Amino acid sequence: MSHQWPAATAFRRMDLYVRDQVCPFCEANLYVCSHRRRRLFTMQGPWLLVVRLGHCPDPCCQGYHGTVSPREEMAIAPPRLAVAWDVFAWIGHRRLARHWSVPQVCAELSDSHAIDLSEDAVEDYIRQYEVMVAARHTDLEEMRRSYANTKSLVLTIDGLQPEKGHETLYVVRELTQKRVWFAEPLLSSTNDEVRRILTRSRQIAEALGIPVAGWMSDKQDAFVTGIAEEFAGVPHRYCDNHFLRDLAKPVLEKDSHAKVQMRRKVRGLRSIEQAVLREEAKTSLSAEPRPTVSPPAVGRNGKTSAPPPAAEVLKRDEELGAAGASCAAGSEAAEPSPAGQVVLDYCAAVRGILNDDQGGPLHPPGLRMAEALKEVRESLERNLGAKKGGPQRSRCSV
Ligand SMILES: [Zn+2]
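So, here's what we can say about the structure.

Calculation notes
Residues numbered from 1 in each chain as written. Predicted model: local features only at pLDDT ≥ 70, side-chain atom pairs only at ≥ 80, totals over all residues. Heavy atoms only, no water. Helix = DSSP H or I, 4+ residues; strand = E, 2+ residues; numbered from the N terminus. Expected span 1.5 Å × (residues − 1). Buried < 20%, exposed > 50% of the residue type's maximum accessible area, 1.4 Å probe, protein only. Axes fitted to C-alpha atoms, helices over the stretch in contact; angles between N-to-C directions. Parallel < 35°, antiparallel > 145°, perpendicular 65-115°, else oblique. Contact = heavy atoms within 4.5 Å. Nonpolar A, V, L, I, M, F, W, Y, C, P; charged D, E, K, R; others polar. Donors = N, O, S within 2.8 Å, 3.2 Å for Na, K, Ca; no water. Tetrahedral: all angles 85-135°; square planar, octahedral: opposite > 155°, others 65-115°. Pairing = 2+ DSSP bridges. Core = buried A, V, L, I, M, F, W, Y, C linked by side-chain atoms within 4.5 Å. Salt bridge = Lys/Arg side-chain N within 4 Å of Asp/Glu carboxyl O. Disulfide = S-S within 2.5 Å. Patch = residues over 30% accessible without salt bridge, like charges linked within 9 Å, V, L, I, M, F, W, Y side chains within 5 Å. Areas by Shrake-Rupley, 256 points an atom, 1.4 Å probe, with all protein chains shown as cover. Polar contact = N/O pair within 3.5 Å; in protein donor to acceptor, adjacent residues only side chain to side chain. Phe/Tyr/Trp six-rings, centres within 6.5 Å; stacked < 30°, edge-to-face > 60°.

So, helix H9 (residues 269–283)
Taking 1.5 Å per residue as the helical rise, H9 with its 15 residues ought to reach 21 Å, and the 21 Å between its terminal C-alpha atoms agrees with that figure. Three or more residues of H9 are buried, namely Leu-269, Ile-272, Glu-273, Ala-275, Val-276, Glu-279, Glu-280, Ala-281 and Thr-283.

This is how it looks when you write it as structure tokens:
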């Protein structure tokens, strides 16, 4: 832990004394016997602490051979570390709350605060910080304060495996305060091991003096039996997240099958687009002003089968243009007519729908696809209705 300070480092010196402190064993007044020099990184630059140590003057006292440090020292820096509390807390906060990597923490300390610490040192500080956080989380007095206004508790337990082959970390959380009560790694998840954790949860709840209104977990046998025995009569609900996760796999399999069926039915987009572009290439030669068409209003909702209406749109578009000769597909000869553009836009929309794989088990991709295709179909039917001289002339004023 010793840090090599550059020779030219300018330290701010601070002298600390044991004042108004007495021997912790016999309460005799302490003598100053020696001093300790500590060099520290602080957010205000490097400090040099000159710490006067006291000891008991009574050779018969248990405290005679030990020394006593001034109380202020502990308020400035954790024991034995080369950083003050402010740097220590900064490191822990960046790592645990902001999820910075250790090299990132080191680089920022060096760049912004001129604090050069090795990665080993920072890792060591983080471990100590974690111990302190865990100690605070399990501190009963602190828990009593934060549960002062809580009428009942809802507890959850789950096992997390950080990496395959690692021991499983069992975490007990309390939901009304969203607080992790404690976590314990277990090499085996036998009923007895898990029972130990449940017993500890019960002891904490009893120490807080608050009744447990319910438990939530997955259906792991050790949880089901352990909770029933340790918390007799307390309702045990199975976690709906686990339930959904187990349900998700078969749902997504069926959904994927439905998607394949829809894709099989809705095809031929490319040939429609090629036909439009062929027509456009032909008619662009006679560059006449074209009537305007309002763009398709494609929303979202669903059923299948776009190609037949799309083909009709195309047919309608053919009437607007001329009869086709063979021109290379994708020819950029001219901008498509407004009507041609409508067909191309429909094709693009349908292609986007077919390629969209977003959505989870609660709103599966196939269901989204079916809804979107239905909207396309409705949109096409609206436009076709308007074209046939229906009441919606304003929508499609070809
Ligand atoms: Zn003493």
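Section: the packing of helix H3 (residues 102–113) against helix H4 (residues 119–137)
It is the contact of H3 with H4, at a shortest axis distance of 9 Å, that shows an interaxial angle of 110°. Viewed along their axes, H3 and H4 adopt a mutual orientation that is roughly perpendicular. Contacts between H3 and H4 involve Val-102, Pro-103, Val-105 and Cys-106 on the former and, on the latter, Glu-119, Val-122, Glu-123 and Ile-126. Its residues assigned to classes, the contact of H3 with H4 shows six nonpolar, no polar and two charged.

Focus on helix H11 (residues 338–355)
With 18 residues, H11 extends 25 Å from end C-alpha to end C-alpha; this agrees with the ideal 26 Å at 1.5 Å per step. When we look at burial in H11, the residues that qualify are Ala-339, Gly-340, Val-342, Val-343, Leu-344, Tyr-346, Cys-347, Val-350, Ile-353 and Leu-354.

Looking at the coordination of the zinc ion
Distances from the zinc ion to its protein donors, namely Cys-23 (SG), Cys-26 (SG), Cys-56 (SG) and Cys-61 (SG), fall within the range 2.2 to 2.4 Å. Here the zinc ion binds four donor atoms, and the angle range of 100 to 117° at the metal identifies the geometry as tetrahedral. Each donor residue of the zinc ion belongs to the same chain, and together they define the spacing C-x2-C-x29-C-x4-C. Highlighted residues: Cys-23 in the loop between strand S1 (12–16) and strand S2 (31–42) and Cys-61 in the loop between strand S3 (45–55) and helix H1 (71–76), separated in sequence by 38 residues. The pair Cys-23 / Cys-61 is uniform in exposure class, with both members buried.

As for unusual backbone geometry
Phi at Arg-80 takes a positive value of approximately 70°, unusual for a residue other than glycine. Structurally, the position occupied by Arg-80 is in the loop between H1 and helix H2 (85–96). Exposure remark for Arg-80: the relative accessible area of 70% places this residue in the exposed category. One non-glycine residue, His-99, lies in the positive phi region at around 60°. Looking at where His-99 falls in the secondary structure, it is placed in the loop between H2 and H3. Here His-99 falls in the exposed class, since its relative accessible area comes to 62%.

Structural notes on the sheet that holds S3
If you walk across this open sheet you meet the three strands as S1-S3-S2, and the pairing is mixed. Each of the sheet's edge strands pairs with one partner strand only, and the pair in question is S1 and S2. On average, each strand axis in the sheet is tilted by 20° relative to the strand beside it, whichever way the strands run. Looking at chain direction, S2 and S3 are connected through 11 bridges and run antiparallel. Paired with Tyr-31 across the two strands is His-55, which belongs to S3.

A look at the sheet that holds strand S8 (residues 236–238)
Taken in spatial order, the five strands line up as S6-S5-S4-S7-S8 in an open sheet, and their pairing is mixed. Looking at strand neighbours, the two that pair on one side only are strand S6 (179–186) and S8, the edges of this open sheet. Averaged over all pairs of adjacent strands, the angle between their axes in this sheet comes to 20°, without regard to strand direction. Judged from the three bridges that link them, strand S7 (residues 212–217) and S8 form a sheet pairing that is parallel. Its bridge partner being in S8, Met-216 is matched across the sheet by Arg-237. Taken strand by strand, helix H6 (residues 191–208) contacts strand S4 (153–160), strand S5 (168–174), S6 and S7, and its axis lies near 155° from that of S6.

Here's the deal with the nonpolar core
If you look at soluble globular proteins, the nonpolar side chains tend to sit buried side by side. Ranked by internal contacts, the top residues of the largest apolar core, which has 24 residues, are Ile-157, Val-172, Trp-181, Val-212 and Trp-215. If you tally residues by element for this core, the top one is H6, at six residues. In contact with Trp-215, not counting residues within four places along its chain, are Leu-155, Thr-156, Ile-157, Val-172, Leu-198, Ser-201, Ile-227, Phe-231, Val-234, Pro-235, His-236 and Arg-237.

A closer look at the pattern of salt bridges
Under the defined criterion, the tally for this structure stands at 22 salt bridges. Across the pair Glu-142 and Arg-136 runs a salt bridge, and its minimum N-O distance is 3.3 Å. Take Glu-142: its relative accessible area is 12%, and that puts it in the buried class. Arg-136 sits in the exposed class, given a relative accessible area of 52%. The salt bridge involving Glu-142 is made with Arg-179; its shortest N-O contact spans 2.9 Å.

Description of the state of the cysteines
Scanning the model with the defined rule gives zero disulfides in all. Summary of cysteine pairing: Cys-60 is not part of a disulfide, and the nearest cysteine sulfur, belonging to Cys-61, is at 8.8 Å.

Focus on a nonpolar patch on the surface
On the surface, Phe-243, Leu-244, Leu-247, Val-251, Leu-252 and Leu-362 cluster together into a nonpolar patch covering about 530 Å² of accessible area. On the accessibility criterion, Phe-243 (53% relative accessible area) is exposed.

Some details on the side chain of Ser-201
Within the secondary structure layout, Ser-201 lies in helix H6. Here the side chain of Ser-201 touches Ile-197 through a polar contact of 2.9 Å, landing on its backbone oxygen. When sequence neighbours within four positions are dropped, the list of residues in contact with Ser-201 reads Val-172, Trp-181, Phe-182, Trp-215 and Phe-231.

Overview of the packing of aromatic side chains
Taken as a whole, this structure holds eight aromatic pairs when the rule is applied. Residues Trp-90 and Trp-100 carry aromatic rings whose centres are separated by 5.8 Å and whose planes lie at 85° to one another, so their mutual orientation is edge-to-face. Placement of the pair is Trp-90 in helix H2 and Trp-100 in the loop between H2 and H3, with a sequence separation of 10 residues. The rings of Trp-5, Phe-11 and Phe-41 are connected pair by pair, giving a single aromatic cluster.

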